[in-house]
Amino acid sequence: MTIFAQPVSYRQSAKLQHVRYDVRGPNLVEAQRMEAEGHKVLRLNIGNTAPFGFEAPEAIVQDMVTSLPDAQGYSDSRGIHSARKAVQQYYQSHGILDLDIDHIFIGNGVSELISLVLQALVDDGDEILIPAPDYPLWTGAVSLSGGRAVHYVCDEASDWNPDPEDIRSRITSRTKALVVINPNNPTGAVYSEETLRELVQIAAEHRLILLTDEIYEKIVFDGAQHRHLAALAGDDDVLTLTFSGLSKAYRVCGYRSGWLAITGPVQRAENLIEGITLLSNMRMCANVPGQYAIQAALGGYQSIDALVAEGGRLREQRDFAYRQLNEIPGVSCNQAAGALYLFPRLDPEMYPITDDAAWALGLLREKKVLVSHGTGFNWPRPDHFRLVTLPSVEVLDDAIGRIAEYLEDLRARR
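Residues numbered from 1 in each chain as written. Predicted model: local features only at pLDDT ≥ 70, side-chain atom pairs only at ≥ 80, totals over all residues. Heavy atoms only, no water.

Chemist: I would appreciate a short explanation of the sheet that holds strand 11 (residues 341–342) in the present structure.
Modeler: By way of backbone hydrogen bonds, the strands of a sheet pair with one another, either parallel or antiparallel. Strands sit in the order 11-15-14 across an open sheet of three strands; the sheet is antiparallel. Every other strand in the sheet has two partners, leaving strand 11 and strand 14 (372–373) as the edge strands with one partner each. (Pairing = 2+ DSSP bridges. Helix = DSSP H or I, 4+ residues; strand = E, 2+ residues; numbered from the N terminus.)

Next up, the structure:
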């Protein structure tokens, strides 16, 4: 046996150097420590529906339970046929007619499929255009794949819509794909057809793949209409990879039921699809019981519609949080047209914050409210934070009141 004079330090891979996921980062660890000491923390950092009283539709639960005896073994690595057929028919009903069932992959949520696709697509040094702010998994997964995340600006003054000219200015010979998150997390923006067509045009001009994250597609408010990017990209024009799933609209985050649908000029993407299939085979298959929920969800009564309509709980909570935040001195917030979040701005003149992670940590320690800081979503300035609007109005009133008190305390200390 070899005995070393100095103890060995075991370190993480250098590939993680530029990977962050602050939604569940160091501040969450501090919140868990505080809870272990007996403190009650209001967690407004993650869009997990179940802890806030949102339960799955009974028909979906029953379908999964009934199918458990048939879900004990591996499935086809792409997913069970009934789930992929339901996804195909869903998109066909929305005008996406060229979707082949063999080009649908079921995954353990959208998160797994994002990582899988980027591993199959990205070579070292390739660039992927990602919105700022973004859902940070996209940036982290690009880095892990050896690529470089290039962030394009979404303009707060234009209701957080992408700036097409900014996107064009960032395209280089290494740019491979354009990521679109619609409805957007964390801003709640829902892009118009005009905006989406301009993004398709950019992709067509520069031969980019469109990677469209549509997990919040059914959570839209005030008459906003979500449009599938694949329906606008055309059968032969732009290769489009659509990511969606059951987690949010059907309140089954823990089922891990997501899918990838590949459309457009797939004949020119056979090699890429072969790579996606290889990686899909390597992880065997997605959680099989959760796959049995997909057909019941997509084909049944859409209970999400009542929750986002006038008088619905999700809409009322969004409206309440929006009003309360905008009443705080120095806080301004665009109304969210979709998703489950608000992304308010803190006036830098009133709150000269240089480290928003530290700001959020102070809020946690002093007021026992956990939120996600804006730079954690790759927003370039420390002047925003994301608030989850899933709690009841009573809990939101308490939480936003504590945020207001914390900000008032900060002003008093200046």
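There is more to say after this.
Chemist: Any chance you could explain the packing of helix 2 (residues 58–67) against helix 10 (residues 288–299) here in plain terms?
Modeler: Between helix 2 and helix 10, whose axes approach to 8 Å, the crossing angle comes to 135°. Comparing their axes, helix 10 and helix 2 come out oblique. For the pair helix 2 and helix 10, the sense of crossing is right-handed. Counting all contacts with helix 2, which are made through Ala-59, Ile-60, Asp-63, Met-64 and Ser-67, the residues of helix 10 involved are Pro-289, Gly-290, Tyr-292, Ala-293, Ala-296 and Ala-297. (Axes fitted to C-alpha atoms, helices over the stretch in contact; angles between N-to-C directions. Parallel < 35°, antiparallel > 145°, perpendicular 65-115°, else oblique. Left-handed = near helix turned anticlockwise from the far one by under 90°. Contact = heavy atoms within 4.5 Å.)

Chemist: I keep staring at the pattern of salt bridges and nothing clicks. Help me out?
Modeler: Should the charged atoms of two oppositely charged side chains come close, the side chains can pair. Applying the stated rule across the entire model yields 26 salt bridges. Here Lys-176 makes a salt bridge to Asp-123, at a shortest N to O gap of 3.7 Å. Of this pair, Lys-176 sits in strand 6 (residues 175–181) while Asp-123 sits in the loop between helix 4 (109–121) and strand 3 (127–132), placing them 53 residues apart in sequence. The partner of Arg-174 in a salt bridge is Asp-126, with the nearest N and O atoms 3.0 Å apart. A residue pair is termed long-range when its members are at least 10 positions apart, and Arg-174 in the loop between helix 6 (164–169) and strand 6 and Asp-126 in the loop between helix 4 and strand 3 qualify at 48 residues. Given a relative accessible area of 35%, Arg-174 falls into the partly exposed group. Under the relative-accessibility criterion, Asp-126 is labelled buried at 7%. Overlapping salt bridges, with partners in common, bring together Glu-30, Arg-33, Glu-37 and Arg-365 in one network. (Salt bridge = Lys/Arg side-chain N within 4 Å of Asp/Glu carboxyl O. Buried < 20%, exposed > 50% of the residue type's maximum accessible area, 1.4 Å probe, protein only.)

Chemist: Mind showing me how you'd approach the side chain of Lys-218 here?
Modeler: Relative to the helices and strands, Lys-218 resides in the loop between strand 7 (209–213) and helix 8 (229–233). In this structure Lys-218 is buried but unpaired, with Glu-217 as the nearest side chain of opposite charge at 5.4 Å. A distance of 3.4 Å separates the side chain of Lys-218 from the side chain of Gln-302, its partner in a polar contact. Leave out the neighbours within four places in its chain, and Lys-218 touches Tyr-90, Ala-249, Tyr-250, Gln-302, Ile-304 and Val-308. (Lys, Arg positive; Asp, Glu negative; His and termini not counted. Polar contact = N/O pair within 3.5 Å; in protein donor to acceptor, adjacent residues only side chain to side chain.)

Chemist: What is the right way to read the packing of aromatic side chains from this model?
Modeler: Remark: the centre distance and the inter-plane angle together describe each pair of aromatic rings, the angle taken between the planes. Here the structure, examined in full by the defined rule, presents eight aromatic pairs. A ring pair is formed by Tyr-216 and Tyr-341, whose centres lie 5.7 Å apart and whose planes are at 85°; its orientation type is edge-to-face. Of the two residues, Tyr-216 is situated in the loop between strand 7 and helix 8 and Tyr-341 in strand 11; the sequence distance between them amounts to 125 residues. Here the aromatic residues Trp-160, Phe-343, Phe-377 and Trp-379 are joined through ring pairs into a cluster of three or more. (Phe/Tyr/Trp six-rings, centres within 6.5 Å; stacked < 30°, edge-to-face > 60°.)

Chemist: Help me understand the environment of Thr-195, please; the structure alone is not making it clear to me.
Modeler: Note on placement: Thr-195 falls in helix 7 (residues 193–206). Sequence separation between Thr-195 and Glu-214 is 19 residues; the distance between their C-alpha atoms is 15 Å. Sequence-distant contacts of Thr-195, defined by excluding residues within four places in its chain, comprise Asn-161 and Pro-162. At 3.4 Å, the side chain of Thr-195 forms a polar contact with the side chain of Asn-161.

Chemist: Any chance you could explain the packing of helix 4 against helix 9 (residues 270–282) here in plain terms?
Modeler: Helix-helix packing is characterised by the crossing angle of the two axes and by the distance between the axes. Where helix 4 meets helix 9, the closest approach of the two axes is 9 Å, and the angle between their N-to-C directions is 130°. With respect to helix 9, the element helix 4 is oriented oblique. Read as a crossing pair, helix 4 and helix 9 show a hand that is right-handed. The segment helix 4 lies against helix 9, with Leu-116, Val-117, Gln-119, Ala-120 and Leu-121 engaging Leu-272, Gly-275, Ile-276, Leu-279 and Ser-280. Within the contact of helix 4 with helix 9, the residues separate by chemical class into seven nonpolar, three polar and no charged. (Nonpolar A, V, L, I, M, F, W, Y, C, P; charged D, E, K, R; others polar.)

Chemist: Can you walk me through the sheet that holds strand 6 in this structure?
Modeler: Taken in spatial order, the eight strands line up as 2-9-8-7-6-3-4-5 in an open sheet, and their pairing is mixed. Bordering the open sheet on either side are strand 2 (104–108) and strand 5 (161–162), each of which pairs with just one other strand. Pairing between strand 4 (residues 148–155) and strand 5: two bridges, direction antiparallel. When the bridges of strand 5 are listed, Asp-155 appears paired with Asn-161. Running over the sheet, helix 9 touches strand 2, strand 7, strand 8 (240–245) and strand 9 (257–263) and is turned about 35° from strand 2.

Chemist: It is not clear to me how the nonpolar core should be interpreted in this structure. Could you clarify?
Modeler: Side chains of nonpolar character tend, in soluble globular proteins, to be buried together. Counting residues in hydrophobic clusters, the biggest one holds 78 residues, and the most contacted among them are Trp-138, Leu-211, Leu-241 and Phe-243. What Phe-243 contacts, discounting residues up to four positions off in sequence, is Val-110, Leu-113, Ile-114, Val-117, Trp-138, Leu-211, Thr-212, Asp-213, Glu-214, Ile-215, Trp-259 and Leu-260. (Core = buried A, V, L, I, M, F, W, Y, C linked by side-chain atoms within 4.5 Å.)

Chemist: Where do I start with unusual backbone geometry in this structure?
Modeler: Outside of glycine, negative phi angles account for most residues, and trans bonds account for most peptide bonds. Residue Pro-133 is reached from Ala-132 by a cis peptide bond, and omega for that bond is 5°. Relative to the assigned elements, Pro-133 resides in the loop between strand 3 and helix 5 (136–144). Unlike most non-glycine residues, Asn-378 shows phi in positive territory, near 65°. By secondary structure assignment, the location of Asn-378 is in the loop between strand 14 and strand 15 (385–388). Note on Asn-378: relative accessible area 22%, which makes it partly exposed.

Chemist: What is the right way to look at the side chain of Ser-257 in this model?
Modeler: By the secondary structure assignment, Ser-257 is in strand 9. A residue is classified by how much of its surface remains accessible, and Ser-257, at 2% relative accessible area, is buried. At 2.7 Å, the side chain of Ser-257 forms a polar contact with the backbone oxygen of Gly-290. Setting aside residues no more than four positions away along its own chain, Ser-257 makes contact with Gly-107, Gly-109, Gly-245, Leu-246, Ser-247, Gly-290, Gln-291 and Ile-294.

Chemist: Just checking my understanding: could you explain the layout of surface pockets for this structure?
Modeler: Picture a little ball the size of a water molecule; that probe, rolled over the atoms, points out where space is still empty. By volume, the largest pocket is sized at about 460 Å³. Together, 23 residues line the largest pocket, and Tyr-21, Ser-111, Tyr-135, Lys-248 and Arg-256 are the ones closest to its centre. Sorting elements by how many residues they give to the lining of the largest pocket places helix 4 first, with four residues. In the lining of the largest pocket, the residues fall into twelve nonpolar, six polar and five charged. Along the walls of the second largest pocket sit 13 residues, with Arg-207, Ile-209, Leu-239, Pro-265 and Arg-268 positioned nearest its centre. Listing elements by their share of the lining of the second largest pocket, those giving two or more residues are helix 7 and helix 9. (1 Å grid on protein atoms, 1.4 Å probe; cavity = no way out; pocket = protein on both sides within 12 Å on 5 of 7 lines; lining within 4 Å. Points joined across faces, edges and corners; volume = space filled by probe spheres on them.)

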